[in-house]
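Analysis of the macromolecular model
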Amino acid sequence: LGPMSLHMFFPAVPGVRSSMAVGESLAQMTVSLPLFVMAFLMLAYGSLSDRLGRRPVLLAGILLFVVGSVLAAVAESIWMLLVARCVQAAGGACGPPLSRAIARDVYGADRLVKMIAYLTMAFALGPMIAVPISGQMVALWGWRSVVIFAAVAGAAIAVIAYFVIRET
């Protein structure tokens, strides 16, 4: 969710700029600041999951992502949007490190290489398809549709993760 939501927001930046009457550099901060937050917090999620368990950290991260997405959807100012996007990124940062850790726990050394290849493919394909899809969403429904979609997708993933993923 995290990397894909960053890429999905690219086509929304011009809409944010015009609807919130801000300059280009401030509108671009809605992408660059969350990218920094996500990169920094990816480092913390591995240690947290080692200490607290994979499942609770994963579920907390996904829920944080959903909360950030909802806040971004209702943001009335650029400052609220920046905070919401950072909360969204903080939650979305759990995906890449935890997916690899869970794959290592579940599949062991024998099948780990194959599973990491699948994960890498998903991490590459997600952003590739995100931009054209979100571009159409922005053209049809406006920039807020992207963060609404992220909130709905995050909530669906949270429900699936809650019922499917056990502690590894």
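Basis of the calculations
Each chain carries its own residue numbering, running from 1 in the direction its sequence is written. At least 70 in pLDDT is required for a residue's local features to be given in this predicted model, at least 80 for side-chain atom pairs to be given and counted, and no such filter applies to totals for whole chains, interfaces and linings, which use all residues. Values shown for side chains rest on all heavy atoms present in the structure; no hydrogens or waters enter the calculation. A run of H or I in DSSP counts as a helix once it spans at least four residues, and a run of E counts as a strand once it spans at least two, with each numbered from the N terminus. Should any heavy atoms of two residues lie within 4.5 Å, those residues are counted as being in contact. Patch members must show over 30% relative accessible area and no salt bridge, and they are joined within 9 Å when carrying like charges or within 5 Å when they are nonpolar side chains of Val, Leu, Ile, Met, Phe, Trp or Tyr. Under the convention used here, a 1.4 Å probe and the Shrake-Rupley method define accessible areas, while residue burial counts only the protein chains that appear. We count a salt bridge whenever a side-chain nitrogen from Lys or Arg sits within 4 Å of a carboxyl oxygen from Asp or Glu. Confidence of the predictor at the level of single residues is given by pLDDT, which spans 0 to 100. Whenever a helix is involved, its axis is fitted only over the stretch in contact; in every case the axis is a line through C-alpha atoms, and angles between N-to-C directions fall within 0 to 180 degrees. Note on angle classes: values under 35 degrees are labelled roughly parallel, values over 145 roughly antiparallel, values of 65 to 115 roughly perpendicular, and the remainder oblique. The hand of a helix crossing depends on one turn: near helix anticlockwise from the far one by less than a right angle means left-handed, and clockwise means right-handed. Classification used: nonpolar for Ala, Val, Leu, Ile, Met, Phe, Trp, Tyr, Cys and Pro, charged for Asp, Glu, Lys and Arg, polar for all others including Gly.

It is worth spelling out the side chain of serine 69 at this point. Here serine 69 shows up in helix α4 (residues 54-74). Other than its neighbours up to four places away in sequence, serine 69 contacts Gln88, Val147, Ala150 and Ala151.

With that settled, consider a nonpolar patch on the surface. Together, Tyr118, Met121, Leu125, Met128, Ile129 and Ile133 give the surface a local cluster of nonpolar side chains, amounting to about 600 Å² of exposed area. Following the sequence through the fold, isoleucine 129 ends up in helix α6 (residues 95-141).

Attention shifts here to the confidence of the model for the protein chain. On average, residues of the protein chain score 92 in pLDDT, and 99% of them reach the 70 mark or higher. Of all the helices and strands in the protein chain, helix α1 (residues 2-8) carries the lowest mean pLDDT, 84, while helix α5 (residues 78-92) carries the highest, 97.

A few words now on the packing of helix α3 (residues 24-52) against α5. For the pair α3 and α5, interaxial distance at closest approach is 8 Å and the crossing angle is 30 degrees. Considering their axes alone, α3 and α5 lie roughly parallel with respect to each other. Our pair here, α3 against α5, has a crossing hand that is right-handed. Counting all contacts with α3, which are made through Leu26, Met29, Thr30, Val31, Leu33, Pro34, Val37, Met38, Leu41 and Tyr45, the residues of α5 involved are Ile78, Trp79, Leu81, Leu82, Arg85, Cys86, Ala89, Ala90, Gly91 and Gly92. Of the residues belonging to the contact of α3 with α5, the class tally is 16 nonpolar, 3 polar and 1 charged.

Orientation of α3 relative to α6, taken along the N-to-C sense of each, is 35 degrees, at an axis distance of 8 Å. Crossing geometry of α3 relative to α6 is assigned as right-handed. Residues Met42, Tyr45 and Ser49 of α3 form the contact with α6, whose participating residues are Pro96, Pro97 and Leu98. Grouping the amino acids of the contact of α3 with α6 by side-chain chemistry returns 5 nonpolar, 1 polar and no charged.

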